[in-house]
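# Coordinates in review
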Amino acid sequence: MLVLVAPGQGAQKPGFLTPWLDLPGVTERLTWWSAVSGLDLIHYGTKADEEEIRDTAVAQPLLVAAGLVAAHALFEGIGGATGLAELPHHIGAVAGHSVGEITAAAASGVLGHEAAMVLVRRRGLAMAEAASRTETGMAAILGGEQDTVVAHLDKHGLTPANVNGAGQIVAAGTAEQLAALAEDKPEGVRRVVPLKVAGAFHTGHMAPAVAALEALVAGVPVADPRTRYVSNRDGGVVASGAEVIERMVAQVSNPVRWDLCMETFRELGVTGLIEVAPGGTLTGIAKRALPGVTNVALKTPDDLDTARALIEEHAVPVDTPAEEELREA
């Protein structure tokens, strides 16, 4: 059983979209999505420096666009398929980390691609505005026992904004709180690494962004997922498109429980995992948390053949009893 996952903010690197532009139709698709989002995605994905693409309002649309480009390219190369419409025939579940949930929602048919680009652009702008009100940030905590780390963060007034599993928790809060954490690491922790993000995402600091998005999504057209959608809130499988959107908006100010998403993958019997561009972060976590599961990160188009081979090996054949059982589980 295959899972398709999409990374969150921080996965972007300068120039990472450049090799994808060599594929047929990618430039045209990105040009259209740039017009829809009001952001020059080709410029930011090929020429912008690290500081420019660190901007929350830029990074989030760029990541969703890149993930969808990679997913389209992946499925266009399988048995004459025309792209993401074929996803349910090969993939048992989709999930995204933080803003990657929008990529996953679009890939699974919950959102149209234009709606996804409008939503992610507004999400990025709203979160950047919320972050500008107070000097906040995030730091990755590597090692330590989860309950001990979470209790230690609470002592400093910090939020475990991303509980990623495999010994990784991301703390979020004010600059002062993070500085105190750096001086007073939890027991058993190897390192505390400041992240290159512009705010304390997935905390109460993002409440203004939630309010802005709630006003926007009331009229967004949605459909139910065509394949299992695994939510960051609690690792639950969500069958309603409306609930996917409600959870996605609320998640902006609530912790990402990627550890619980991986528990769900395990319970579903995952055997292979593909991370769309710019891949690497989630496959790295999965290698530690899901031993025995084959992983492919779509970093460049050179990785497409490996990912297609994984699909051929691990996907449940369409229209078979096994496929029906998979969908009903």
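For the structure itself, look to the data block above.
Conventions used here
Residues numbered from 1 in each chain as written. Predicted model: local features only at pLDDT ≥ 70, side-chain atom pairs only at ≥ 80, totals over all residues. Heavy atoms only, no water. Pairing = 2+ DSSP bridges. Helix = DSSP H or I, 4+ residues; strand = E, 2+ residues; numbered from the N terminus. Axes fitted to C-alpha atoms, helices over the stretch in contact; angles between N-to-C directions. Contact = heavy atoms within 4.5 Å. Buried < 20%, exposed > 50% of the residue type's maximum accessible area, 1.4 Å probe, protein only. Arc of directions from axis to C-beta. Polar contact = N/O pair within 3.5 Å; in protein donor to acceptor, adjacent residues only side chain to side chain. Phe/Tyr/Trp six-rings, centres within 6.5 Å; stacked < 30°, edge-to-face > 60°. Core = buried A, V, L, I, M, F, W, Y, C linked by side-chain atoms within 4.5 Å.

### Remarks on the sheet that holds strand β6 (residues 189-194)
Taken together, four strands build an open sheet; the order of strands is β4-β5-β3-β6 and the sheet is antiparallel. Where the open sheet ends on each side, the last strands, each with one partner, are β4 (159-165) and β6. Neighbour to neighbour, the strand axes of the sheet diverge by 20° on average, direction disregarded. The sheet contact formed by β4 and strand β5 (residues 168-174) spans five bridges and is antiparallel. Bridged to N162 within β5 is V170. Together, β3 (136-143), β4, β5 and β6 form the strand contacts of helix α7 (residues 146-155), whose direction differs from that of β5 by roughly 5°. Running at roughly 135° to β5, helix α8 (residues 175-183) makes contact with β3, β5 and β6 of the sheet.

### Quick look at the environment of L290
Following the sequence through the fold, L290 ends up in the loop between α12 (281-289) and β10 (294-297). Considering only alpha carbons, one finds L290 and M262, 28 residues apart in sequence, at a separation of 7.6 Å. When neighbours within four sequence positions are excluded, L290 is seen to be in contact with M262, F265, R266 and L273.

### Let's talk about the side chain of D259
Along the chain, D259 turns up in helix α11 (residues 258-268). By relative accessible area, which is 10% here, D259 ends up buried. Aside from chain neighbours lying at most four places away, what touches D259 is Q146, V163, N164 and G165.

### Focus: the sheet that holds strand β2 (residues 93-96)
What the six strands build is an open sheet, ordered β8-β7-β2-β1-β9-β10; its pairing is mixed. Each having just a single partner strand, β8 (237-238) and β10 make up the two edges of the open sheet. Pairing between strand β1 (residues 2-6) and strand β9 (residues 272-275): four bridges, direction parallel. Paired with V3 across the strands is L273, a residue of β9.

### What to know about unusual backbone geometry
Here the amide bond leading from A277 into P278 is cis, since omega sits at -5°, within 30 degrees of zero. Secondary-structure assignment places P278 in the loop between β9 and α12. One non-glycine residue, S98, adopts positive backbone phi at about 60°. Under the relative-accessibility criterion, S98 is labelled buried at 12%. Although it is not a glycine, A166 adopts a positive phi angle of roughly 55°. By the element assignment, A166 lies in the loop between β4 and β5. For A166, a relative accessible area of 34% translates into the label partly exposed.

### A few points about α7
Side chains that are three or four residues apart share a direction in an α-helix, a result of its 3.6 residues per turn. Regarding α7, the residues found buried are V149, H152 and L153. Each buried residue of α7 sits inside an arc of 100° when the element is viewed along its axis, so together they form one side. In α7, the exposed positions that point more than 90 degrees away from the buried face belong to D147, D154 and K155. Each element contacted by the buried residues of α7 is listed here: β3, β4, β5, α8 and β6. Backbone nitrogen of D147 and a side-chain oxygen of the N-cap are separated by 3.0 Å at the start of α7; the cap is E145. Of the residues one or two after α7, G157 is the one with positive phi, at around 75°.

### Let's talk about the packing of aromatic side chains
With the rule as written, the count across this model stands at one aromatic pair. With 5.9 Å between their ring centres and 80° between their planes, W258 and F265 make a pair best called edge-to-face. Grouping residues by exposure puts W258 and F265 together as buried.

### Notes on the nonpolar core
With 78 residues, the main nonpolar core has L4, W20, L74, I102 and L111 as its most contacted residues. Contact partners of L74, with chain neighbours within four places excluded, come to L4, I274, L298, L304, A307, R308 and I311. C261, M262, F265 and A289 belong to the second largest nonpolar core, which has 19 residues in total.

### A short note on the pairing of β2
Burial along β2 is two-sided: the residues A93 and A95 and V94 and G96 are all buried. Pairing analysis gives four bridges linking β1 to β2, with the strands arranged parallel. Pairing of A6 across the sheet is with G96, part of β2. Where β2 meets strand β7 (residues 228-230), two bridges bridge the pair, whose relative direction is parallel. Its bridge partner lying in β7, A93 is registered against R228.

Read these as layout, nothing more, since geometry by itself doesn't imply function.
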